Amino acid sequence: MTKPANLEEAVDRVRELGAEVESSGEAKTGGEALERSRALLHEWVDTVAGVVINAGLGRVSLIHANGKESSVASSELPFLLSQPAKFER
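Computed from a predicted model, the values in this text were never measured in an experiment. (Residues numbered from 1 in each chain as written. Predicted model: local features only at pLDDT ≥ 70, side-chain atom pairs only at ≥ 80, totals over all residues. Heavy atoms only, no water.)

**Topic: the overall build of the protein chain**
Working step 1: Within the protein chain one finds 3 helices and 3 strands.
Working step 2: Helices (α) and strands (β) of the protein chain occur, in sequence order from the N terminus, as α-α-β-β-β-α.
Working step 3: For the protein chain, with 89 residues in total, the buried portion stands at 12%.
Working step 4: Partitioning the contacts of the protein chain with sequence separation of at least 6, the portion at a separation of at least 24 is 17%.
Working step 5: In the structure as shown, the protein chain presents an accessible area of about 7700 Å², 53% of it carried by carbon and sulfur atoms. (Helix = DSSP H or I, 4+ residues; strand = E, 2+ residues; numbered from the N terminus. Buried < 20%, exposed > 50% of the residue type's maximum accessible area, 1.4 Å probe, protein only. Contact = heavy atoms within 4.5 Å. Areas by Shrake-Rupley, 256 points an atom, 1.4 Å probe, with all protein chains shown as cover.)

**Structural notes on the environment of Leu-57**
Working step 1: Topologically, Leu-57 is positioned in the loop between β1 (48-54) and β2 (59-64).
Working step 2: Judged by relative accessible area, which is 64%, Leu-57 ranks as exposed.
Working step 3: Sequence-wise, Leu-57 and Pro-78 are 21 residues apart; in three dimensions their C-alpha atoms are separated by 8.8 Å.

**With respect to the sheet that holds β2**
Working step 1: Judged by pairing direction, the sheet is antiparallel, and its 3 strands sit side by side in the order β1-β2-β3 without closing on themselves. What marks the edges here is a single partner per strand, and that holds for β1 and β3 (69-73). For this sheet the average axis-to-axis angle between neighbouring strands, irrespective of direction, equals 20 degrees.
Working step 2: Of the pairings in the sheet, the one linking β2 to β3 comprises 5 bridges and is antiparallel in character. If you follow Ile-63 over to β3, its bridge partner there is Glu-69. (Pairing = 2+ DSSP bridges. Axes fitted to C-alpha atoms, helices over the stretch in contact; angles between N-to-C directions.)

Printed below as a string of structure tokens:
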């Protein structure tokens, strides 16, 4: 997977936001650390039993098999998930 040209800018922006509220962040943008994070995210997503999409708020709520909820704030994800499915015949 190739890195987007603006990856470092995005990482810096997110870390600066955390610093404003005195909370440090950890960035993984390549190598084994990124691969491990991606693998763990895939495992975590596989526990999703339901999805609530709220495009108007820019939020997707995941309902996990254990009944817990997780929220993802995104300007793109709700719209991606709201698009009609394309079925091949």
